[in-house]
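Commentary on secondary and tertiary structure
Each chain, letter by letter, is given below.
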Amino acid sequence: MGKLKTKEEYFAFSKRLVVIPTEDIKKLFLKFKVKLPLFVHGFLLCETIRSKVFEEKLYNTYTDELKYRLRGYDSFSIYLLEALIEKYNLDFELSRYKELLFDFILINMDELSLKNSFVNELEQLQHNYTVDLEVVKYADFFALVKEVFYEAAGYLDGVKLKDWTDDMLNSYTLGDLKSLGKKYDVNVPRRINKARLIQILSAKFKLTPNESELLDGMSVLDLEIYAKEKGFKISIDLKKQDMIEYLKFALDMYHKPTDSDPFSYDVPLDSREEEVTKDIEEPTPEPVVEPIPEPVVVPVEEEVEEEPVVEPEPEIVPEPEPEPIVEPEPEPEQPAFEEPLPEEIIPEEPELTVPEPKQVQPAFVDDSLLSTEEKELLDEKINQIIKKFYKKRRRRRITWTILIVLLVAILGFAAYSYYYYTIVNPGSLPFGLPVFWN
């Protein structure tokens, strides 16, 4: 197949290869020892379902939160792409995936150490099948070809470890990260204890056993400050970035080399993107134009404009305006409204004893700088402090109550004994108690 010399010829050849069944493609890859990193599969899957994800009719059903998260679509990990397919029941266009796969393989034959014999076998397989296209659900497809892919060193779910930044994590919820952990058999908690924090710090900084023992004597706050001083921000209340660090720790990914990406991704995508953008651009002006003629507001305004021309008097008469002006003029009404307001607010303030800690938050933290998850974690900490405070106060009350009861009982018994000894039965104590001072 030396006749295929340009990329255009390769891409034209790929279009004819989509008739080859997935099972035969897998066998051919295993025969020629073709193994692809998962980040390649992530790229192919991202481009395969792009038109489905951003199809206008479906896109309009998304929440604002999802639309915001989709701004980072190009950096989605495989888990998020698969979650979109499952949640919105997206059609998996297998022929499109195959075409992209063969495009990628053919332009990266040197990187994959493939020879013309591989292309020859592809051509032979092409002639063995009709033009009928294979239709398979994504889950079944990936279960079949999973053996062909592997997770490259220094990558998590098809994304380079260093690319798991705060900006990228804006596309993830805390629930997404917990589910991502389950995908790799890791239970990602929302909160860790001091011992686990020390284990993570020891793995992150390659601490010796003696150095790890020194951390045992530090408080949790001191440990967090210690990590921050070393350029590593982590807390026992796991936020998004902390969850990724927990995954790295649990999967033993610290201090591992990162595999390079020598591949070319210069495959034809523009044509498909142009089609998608055209499809999206054409209907978009229609709904923008439709709401303008549809509302009856326009004709109503025209009628209103014609009527005042015939009857100019109601426009000139400003009588309704002075009437509301006369009403607010009496001064007694204003204090009447001003006085009861503070009276109603004053009794409410002493009742709001529990929310007082929440009012203290702005003194420590600027809410505009906190994410929703950080605010929730901060509220959790405040609630824990409040619970501990009331628990301690309850214990003190119970202790003091017991002490007072005992003291009253002792004093009462002493008074009764004195009365019994001096008046009721002189020289004797009640209940047959012996008189020790005789």
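Note that the structure is a prediction, hence the values are computed from the model and not measured.

Some points on the overall build of the protein
Scanning the protein from terminus to terminus reveals 24 helices and four strands. In the protein, once contacts between residues fewer than 6 apart in sequence are set aside, the share between residues at least 24 apart is 75%.

A few points about helix α14 (residues 220-229)
Considered for burial, the residues of α14 that qualify are Leu223, Glu224, Tyr226 and Ala227. Around the axis of α14, the buried residues are gathered within 160 degrees of arc, so they sit on the same side. Away from its buried face by more than 90 degrees, α14 exposes Leu221, Lys228 and Glu229. For α14, the secondary structure elements touched by its buried residues are α12 (194-205) and α13 (209-216).

Quick notes on the packing of helix α6 (residues 78-87) against helix α11 (residues 174-183)
Where α6 contacts α11, the axes come no closer than 10 Å and their chain directions differ by 105 degrees. The pairing of α6 with α11 is recorded here as roughly perpendicular in orientation. Contact residues: Ile78, Tyr79, Leu80 and Glu82 in α6; Asp176, Ser179, Leu180 and Lys183 in α11. In terms of residue class, the contact of α6 with α11 is built from four nonpolar, one polar and three charged.

Looking at α11
Three or more residues of α11 are buried, namely Leu174, Asp176, Leu177, Leu180 and Gly181. One side of α11 holds all its buried residues, which, seen down the axis, span an arc of 160 degrees. Asp185 sits one or two positions beyond α11 and adopts a positive phi of about 60 degrees.

Some remarks on the confidence of the model for the protein
Chain-level statistics for the protein give a pLDDT mean of 80 and a share of 74% at 70 or above. Across residues 271-365 the pLDDT falls below 50, and counting only partners more than four positions away or on other chains, this stretch makes 31 contacts in the model.

Describing the packing of aromatic side chains
Applying the stated criterion to the full structure yields 23 aromatic pairs. Pairing Phe32 with Phe118 gives two aromatic rings, centres 5.3 Å apart and planes at 85 degrees, and the pair type is edge-to-face. One end of the pair, Phe32, is in the loop between α2 (22-31) and β1 (36-37); the other, Phe118, is in helix α8 (residues 116-127), with 86 residues separating them in the sequence. For Phe32, a relative accessible area of 22% gives the class partly exposed. Their ring planes at 65 degrees and their centres at 5.1 Å tell us that Tyr62 and Tyr88 sit as a pair that is edge-to-face.

Looking at the pattern of salt bridges
One pass over the full model with this rule turns up 14 salt bridges. Salt-bridge contacts for Arg50 lead to Asp74; the nearest nitrogen and oxygen are separated by 2.6 Å. Linking Arg50 in helix α3 (residues 38-53) with Asp74 in the loop between α5 (64-69) and α6, this pair joins segments that are 24 residues apart in sequence. Of the residues examined, Arg50 reaches a relative accessible area of 17% and is grouped as buried. A residue is classified by how much of its surface remains accessible, and Asp74, at 62% relative accessible area, is exposed.

Some words on a positive patch on the surface
A cluster of basic residues, Lys387, Lys388, Lys391, Lys392, Arg394, Arg395, Arg396 and Arg397, forms a positive patch on the protein surface. As for its position among the elements, Lys391 is in helix α24 (residues 372-424). A relative accessible area of 42% places Lys391 in the partly exposed class.

Quick word on the environment of Tyr246
Along the polypeptide, Tyr246 turns up in helix α15 (residues 240-250). When the C-alpha positions of Tyr246 and Val186 are compared, they lie 9.2 Å apart, and in sequence the two are 60 residues distant. If sequence neighbours within four positions are ignored, Tyr246 has contacts with Val186, Asn187, Val188, Pro189, Ile192, Arg196, Ile200 and Leu238.

Brief notes about unusual backbone geometry
With a phi angle near 50 degrees, Asn89 is a residue other than glycine that sits in the positive phi range. If you check the backbone angles, Asp185 has positive phi at about 60 degrees while not being a glycine. Within the secondary structure, Asp185 sits in the loop between α11 and α12.

Quick notes on the nonpolar core
Soluble globular proteins tend to bury their nonpolar side chains together. Leu36, Tyr73, Ile105, Trp164 and Leu201 are the most contacted members of the largest nonpolar core, which has 93 residues in total. Those residues in contact with Trp164 that lie beyond four places of it in its chain are Ser77, Leu156, Asp157, Val159, Leu169, Tyr172, Leu180, Gln241 and Ile244.

What about the packing of α3 against α6?
Running from N to C, α3 and α6 cross one another at 30 degrees; their axes reach a closest spacing of 10 Å. Seen from above, α3 lies across α6 with left-handed handedness. In contact with Leu38, His41, Gly42, Leu45, Cys46, Ile49 and Val53 of α3, α6 contributes Ile78, Leu81, Glu82, Leu84 and Ile85.

Concerning a nonpolar patch on the surface
A cluster of nonpolar side chains, Ile398, Trp400, Ile402, Leu403, Ile404, Leu406, Val408 and Ile410, forms an exposed patch at the surface whose accessible area comes to about 830 Å². With respect to the helices and strands, Leu403 occurs in helix α24. Under the relative-accessibility criterion, Leu403 is labelled partly exposed at 45%.

Here's the deal with the side chain of Ser95
Mapped onto the fold, Ser95 is located in helix α7 (residues 94-107). Beyond its immediate chain neighbours, meaning those up to four positions away, Ser95 contacts Val18 and Leu133.

Examining the environment of Ser202
By the element assignment, Ser202 lies in helix α12. Residues Ser202 and Leu215 lie 13 residues apart in sequence; the distance between their C-alpha atoms is 9.2 Å. Not counting residues within four places of it along the chain, the set of residues in contact with Ser202 comprises Leu207 and Ser212.

How each quantity is defined
- Residues numbered from 1 in each chain as written.
- Predicted model: local features only at pLDDT ≥ 70, side-chain atom pairs only at ≥ 80, totals over all residues.
- Heavy atoms only, no water.
- Helix = DSSP H or I, 4+ residues; strand = E, 2+ residues; numbered from the N terminus.
- Contact = heavy atoms within 4.5 Å.
- Buried < 20%, exposed > 50% of the residue type's maximum accessible area, 1.4 Å probe, protein only.
- Arc of directions from axis to C-beta.
- Axes fitted to C-alpha atoms, helices over the stretch in contact; angles between N-to-C directions.
- Parallel < 35°, antiparallel > 145°, perpendicular 65-115°, else oblique.
- Nonpolar A, V, L, I, M, F, W, Y, C, P; charged D, E, K, R; others polar.
- pLDDT = per-residue confidence, 0-100.
- Phe/Tyr/Trp six-rings, centres within 6.5 Å; stacked < 30°, edge-to-face > 60°.
- Salt bridge = Lys/Arg side-chain N within 4 Å of Asp/Glu carboxyl O.
- Patch = residues over 30% accessible without salt bridge, like charges linked within 9 Å, V, L, I, M, F, W, Y side chains within 5 Å.
- Areas by Shrake-Rupley, 256 points an atom, 1.4 Å probe, with all protein chains shown as cover.
- Lys, Arg positive; Asp, Glu negative; His and termini not counted.
- Charge placed at Lys NZ, Arg CZ, Asp CG, Glu CD.
- Core = buried A, V, L, I, M, F, W, Y, C linked by side-chain atoms within 4.5 Å.
- Left-handed = near helix turned anticlockwise from the far one by under 90°.

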